[in-house]
Each structure stands twice: as C-alpha cells, then as structure tokens.
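Remarks on the overall topology
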Amino acid sequence: MTERSVDAVIVGAGFGGLYMLHRLRKLGLTAQVVEAGDGVGGTWYWNRYPGARCDIQSLEYSYQFSDELQQQWDWSERYATQPEILRYINHVADRFELRRDVRFNTRVTTADFGETKNRWKVGTDTGDTFDTRFVVMATGCLSSANLPPIPGLASFSGDRYHTGRWPHEPVDFTGKRVAVIGTGSSAIQSIPLIAQQAKTLTVFQRTANYSVPAHNKPHDPEKVAELKARYPEYRAQNRQTAFHADFNYSEINVLDVSAAERNAEYEQRWTHGGLPFMASFADLMFVPEANQTAAEFIRGKIRQIVKDPATAKKLTPSGLVGCKRLCVDTNYYATYNLPHVSLVDINEEPIETVTTEGIRTRQQDYGFDAIVFATGFDAMTGSMTRVAIRGRGGRAIQDAWAEGPKTYLGLSVNGFPNLFMITGPGSPSVLTNMLPSIEHHVDWIADCIDWTNQQKVAAIEADAQAQENWVTHVNEVGDTSVYPRCNSWYLGSNVPGKPRVFMPYLGFPPYAEKCRQVVEAGYDGFIKQPEVA
Ligand code: NAP
C-alpha cells in the first residue's frame, strides 16, 4: 500500500479524464488518473456489446484540442464502431504519453476532505491512497450499470451479460436461445446483430422506443478532406447549436407548415439518418402537438417495416418522441420480421422470476442459454454516489443529493471544495455531443485551478445560494421543453427509488455563455477561501 501526494486526482481514464490529465500537465501540475478498468476509454472500454457505435458523426465525436490530431486521425465510417473509438482513444493516450500517470485496475472507493489543510484523501480498493488538493470526477454520465432486481437472478445456469459490462473475450451466440431485456439504445444496436447468430431471440420490452435509421456508411474521402480544410470553423459553427452538433437545425415551426411539407421534411431526414431527425423543426422539443407529428411519422414507419401487425403494435410507442433519448439503429424494427425473433411486452406478460433454465413470466416459462441485460445505467449521479465522497463536516454526497443532484453549473457542489465534475448533472452533457462538452468542461476546470494558484485561493466551491438558483434555473429551462414529460433516465425514473429530477441543462450556447460570465466576474457564485499567509 502506498500513499502519493499530487496536485490532482482524476477519477476515470475516459475521454474526460485523459484530456484533464493532459491539461493539468501543461500547467506544470502533478496529476494521477485512477481507473477501475485495465485500459483507457471509459464508456468505450466497458460497452463492447455487438453493434456498439456512436450516434454522433465520428468527425464530430472526437477531440479538437489538437489540430494535428484531428487532421491526422482518419475515421473510417460516418458513425464509428466501439473498437474504432477505442483504438482512437488508445492512440491519444500513446500520442500524448498519458498512460504513465494512469493507475489501472484500481477503483476509487472513498474521498475525504480535510478542512485544516484543504486537501482530499482519496482511497482505493487496492489500499493505495492519494493525498491531493483537487479531485476531478471524470466518471462519465452513463457508467454505473443498472441491473434490475429481478428475483432469482443468481439461480440462472446460463450466461448472463450486461451491455455496459460486456466481456473482453468474443461472445458467440451461435445456436443459442437468447433473451434481451430492455429496448433502449444499447438493445436497439445489439438486437439486430445478436439475431444474426442466435437460434432464437426473445426481447422483453417494458416501453416501446422510437428509433431512426443511422444510414451508416464509409466516409467519402473527398467530403472528409473538404471538412478537414475548415475543421475549426466547422467546430465553431456547431458550438452555436443547442446540441453542439451538426444537426442542420431548422428555424421553421412544424405547426406553421402543411402536413405535406412536414412529412416531406421528415422523410428527407429519415433518409439522411441519425439524430438530426429531431432538428427537423424548431418546436419539436418544445410543443407537444408539434412533437406528436414527428412521433406519428415514426409510428407510420414502424407499421410499414414490421410485417406482423400484433408485433408492430407492441413496438409502436404512444408517447412523445425524443424526450427519452431517440435511438439510432441499423435494421432494428426489421429484425422482428425474422422468424426466430419474438417480442414479449412485459406490461401484458410481467416477468415474475429468473429461473435456473430461463425466465418465468406470469403466463409461461421460457428456456434460455443466455440473458442479455440492456437495462441501462444509474445515469448522471450513479458514478458519483457509488464513491463514498465526504466533504466539509464529513457530509456524504449521498446526503447532499438525497433529493436529487444539486450542483452549480454541473461543475461544483456546495460543501465539497476543490472537487469538480466533468459533465456533471446540471450541465448540458448528455443533451449534447459529449466530446466537445467534455473539452469545454476540462478547459474550464483547468483554467479555474490555474486561477486559484495565481490568486492564492486555497479552496473553491459552489456558493449554496448560487447552487440553489442554478438548480431552479435548470428545472425552469427543462420545463419549457417536452423532456420532463417522459419517464427517462434524464429524470432518474429508470432506477427504482431515485428522486425524479431533470438532471441535464438544456442548451449548450447559453450554458457556455454563463460559464464565461462566471469566470469574467471572478468566479461569481463560488466561495473562494484565501490561502493563509
Ligand atoms: P436505457 O436507454 O436506459 O434503456 C434501458 C432499457 O431497459 C429500457 O428499455 C428500459 O425500459 C429497460 N429496463 C430497465 N429496467 C428494466 C426492468 N426492470 N425490466 C424491464 N426492462 C427494464 O439504457 P441504454 O440502452 O444502455 O442507453 C442509455 C444511454 O446510453 C442512451 O440513451 C444513450 O444516451 C447512451 N447510448 C448511446 C449509444 C449510441 O448510440 N451511441 C448506444 C448505447 C447507449 P424503460 O424504458 O421502461 O425504462
């Protein structure tokens, strides 16, 4: 067991943690990344399920802090696969010599703030500890796997998988009877590929989901060259959009055009593929009646694609589209036309227990060789609250967040000085292209740490009133949209007992402007404790 003293401990070696390390090194600070896995990549290290790939175009889902890197790296497809993204982040780790400051196979379990010295003591599951001035939680928004407490789980004699904790060895479903529980993005990406191997595939669905086709394809070298010639300008343009992405946002309201015009626009976006579908009209995410027109368009597509009317009916969602994250697929709905693929609606046929042989519903016993849990994550807060973080007065983060996460700008929490979160709750994070949002936060945090050194500030933390005002503002902005109208992980409603609070901040440009103003005003809304002379 060792104890190391550093300027900063960074928890997690994903995109956030690695860039944070790079920035802090450039400031001449010592930083230690602590990573539970045996490699870099974060979400892309763990989510190795078949079909895993990004749903933001790879030319945008990539770092921009190094122009050489973004010019020299070549993405092969419009939406990169998980292995390609993992190769990329490994390349970044090598290129900037980041690995030597990453402690792998080590999970941070505790972080205790000592008020006399304004330093944190960080504990790990290997027994090694770190004495540090700053802690940066680069633990990701979707990293704590959610395994539903279905009775009998431990008794199952077959293979059990969670999409977010997929084995490193290849998994072969050939000849197997496979169950998939869940129909979110992970399920929708993996189901078509699992179906190609499995003898039978039975999908257990709780809520039908909307998905649009990816229309993924290899990159056209000419188009890539054209974009790379104006990369910084392209990035800057995207920064001005709500999702921080090239979605070709329309400024027209759906309710101002005829049904024929509206459907032509949806058809064109459907043919183009991907999340830009939600940018078809300006009011889609704000006016329920407008949203329903897009929802009905997708419902019509499901009815066209799925041949069996009873299955099509089960697969057809009734609510609004996009307030639960829209999925992007390749052949998802068509997979249900295959004779060996079937769908169980667990509202009609609830799961009672997992048995040694498979799954028992209220109606019947199903035999399975493998069960895949595509049941998502304890999103946005799980990776914070699963660490025993104790701030001033020994207060636990779980207590501070008992009514839901409270942060200032999604960066800092009152009572937890010198602790920062990358894309924490209360920041745009999951409602944006994560990569540039991560870079924005890392730059903000690095600049703040540098400022505390220059200004001889020993500790910095969110002011309680500023935090309260921010939480209210996040909810007020969220309430202008349709997002809070669905049961989604944005609200924590996928995890039993989790407080129902809308966690992300809607709209990147006003958020970035607020962050800029806070800095300009000398870190307005933060308590700055001066160093004792
Ligand atoms: P998810 O969207 O939360 O989906 C989980 C699924 O499991 C839902 O269908 C949910 O049903 C179901 N479920 C949860 N608990 C259940 C239970 N007790 N019994 C039966 N069903 C249950 O999780 P995810 O698919 O892993 O995706 C999470 C997020 O990760 C995505 O929204 C996206 O932001 C990101 N992601 C992105 C990509 C990509 O394309 N790049 C791929 C995968 C994931 P309910 O809907 O009823 O809760």
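The rules we used
Residues numbered from 1 in each chain as written. Predicted model: local features only at pLDDT ≥ 70, side-chain atom pairs only at ≥ 80, totals over all residues. Heavy atoms only, no water. Axes fitted to C-alpha atoms, helices over the stretch in contact; angles between N-to-C directions. Helix = DSSP H or I, 4+ residues; strand = E, 2+ residues; numbered from the N terminus. Left-handed = near helix turned anticlockwise from the far one by under 90°. Contact = heavy atoms within 4.5 Å. Near = heavy atom within 4 Å. Polar contact = N/O pair within 3.5 Å; in protein donor to acceptor, adjacent residues only side chain to side chain. Areas by Shrake-Rupley, 256 points an atom, 1.4 Å probe, with all protein chains shown as cover. Nonpolar A, V, L, I, M, F, W, Y, C, P; charged D, E, K, R; others polar. Buried < 20%, exposed > 50% of the residue type's maximum accessible area, 1.4 Å probe, protein only. Pairing = 2+ DSSP bridges. Parallel < 35°, antiparallel > 145°, perpendicular 65-115°, else oblique. Phe/Tyr/Trp six-rings, centres within 6.5 Å; stacked < 30°, edge-to-face > 60°. Domains from an automatic or database assignment. Buried area = accessible area lost by both parts, 1.4 Å probe.

Turning our eyes to something else, we now look at the packing of helix α1 (residues 15-26) against helix α14 (residues 434-454). It is at 9 Å that the axes of α1 and α14 come closest, and there the two elements cross at 35°. Crossing handedness for the pair α1 and α14: right-handed. Between α1 and α14, the contacting residues are Phe15, Gly16, Tyr19, Met20, Arg23 and Leu24 on the first element and Leu435, Ile438, Glu439, Val442, Asp443, Ile445, Ala446, Asp447 and Ile449 on the second.

Residues in contact with the ligand amount to 23 residues; listed here are only the nearest, Thr183, Ser186, Arg206, Thr207 and Lys324. The backbone of aspartate 55 places a nitrogen or oxygen atom 3.2 Å from a nitrogen atom of the ligand. Between the ligand and the protein, one listed contact pairs an oxygen atom with a side-chain N or O atom of threonine 207 at 2.4 Å. Look at the ligand: alone it shows 900 Å² of surface, and the protein chains cover 88% of it. Considering each element in turn, the shell around the ligand owes the most residues, three residues, to helix α5 (residues 185-197). Counted by class, the shell around the ligand contains nine nonpolar, nine polar and five charged residues.

What follows deals with the environment of glutamine 455. Along the chain, glutamine 455 turns up in the loop between α14 and β19 (457-462). With a relative accessible area of 43%, glutamine 455 lands in the partly exposed category. In the structure, glutamine 455 is positioned 76 residues away from glutamate 531 in sequence and 9.0 Å away in space, judged by C-alpha atoms.

Turning to the environment of asparagine 418, a few remarks are in order. In this fold, asparagine 418 is placed in the loop between α13 (397-400) and β18 (419-421). Taking the C-alpha atoms as reference points, asparagine 418 and alanine 459, separated by 41 residues in sequence, lie 5.7 Å from one another. A distance of 3.5 Å separates a polar side-chain atom of asparagine 418 from the backbone oxygen of arginine 133.

Our next topic: the sheet that holds strand β7 (residues 159-162). Overall, parallel pairing links the five strands, which are arranged β7-β16-β8-β9-β12 in an open sheet. The open sheet has two edge strands, β7 and β12 (341-345), and neither has a second partner. Neighbour to neighbour, the strand axes of the sheet diverge by 20° on average, direction disregarded. Where β7 meets strand β16 (residues 370-373), four bridges bridge the pair, whose relative direction is parallel.

Across the interface, α14 lies against helix α16 (residues 508-520) with an axial gap of 12 Å and an inter-helix angle of 5°. Taken together, the axes of α14 and α16 lie roughly parallel to each other. Facing α14, whose interface residues are Ser437, His440, His441 and Trp444, α16 presents Phe508, Tyr511, Ala512, Cys515, Val518 and Val519. Split into classes, the residues belonging to the contact of α14 with α16 amount to seven nonpolar, three polar and no charged.

With that settled, the discussion passes to unusual backbone geometry. Excluding glycine, most residues fall at negative phi; most peptide bonds, likewise, are trans. One non-glycine residue, methionine 380, lies in the positive phi region at around 70°. With respect to the helices, strands and loops of the structure, methionine 380 is situated in the loop between β16 and α12 (382-385). Methionine 380 gets classed as buried once you look at its relative accessible area, which sits at 3%. The phi dihedral of lysine 456 falls on the positive side, at around 55°, and the residue is not glycine. Relative to the elements of secondary structure, lysine 456 occurs in the loop between α14 and β19.

This part is about the packing of aromatic side chains. For the coordinates displayed, the defined rule picks out 42 aromatic pairs. Ring geometry for phenylalanine 65 versus phenylalanine 96: centroids 5.3 Å apart, planes at 50°, classification tilted. Of the two residues, phenylalanine 65 sits in the loop between α2 (43-46) and α3 (67-72) while phenylalanine 96 sits in the loop between α4 (82-95) and β3 (102-103), which places them 31 residues apart along the sequence. For phenylalanine 65, a relative accessible area of 23% translates into the label partly exposed. Through pairs of rings, three or more aromatic residues link up here, namely Phe15, Tyr19, Trp44, Tyr61, Tyr63, Phe65, Trp73, Trp75, Tyr88 and Phe96.

Here we take up the domain arrangement of the chain. Domain parsing of the chain yields domain 1 (3-40 + 98-144 + 379-530) and domain 2 (153-231 + 287-373). The C-alpha centroid of domain 2 is placed 32 Å from the C-alpha centroid of domain 1. Contacts between the two partners involve 11 residues from domain 1, matched on the other side by 11 residues from domain 2. Taken together, both faces of the contact between domain 1 and domain 2 bury some 900 Å²; the carbon and sulfur share is 55%. Of all residues in domain 1, the largest losses of buried area upon contact with domain 2 belong to Val482, Cys486 and Tyr490, amounting jointly to 42% of the total for that side. Its residues assigned to classes, the side of domain 1 that touches domain 2 shows five nonpolar, four polar and two charged.

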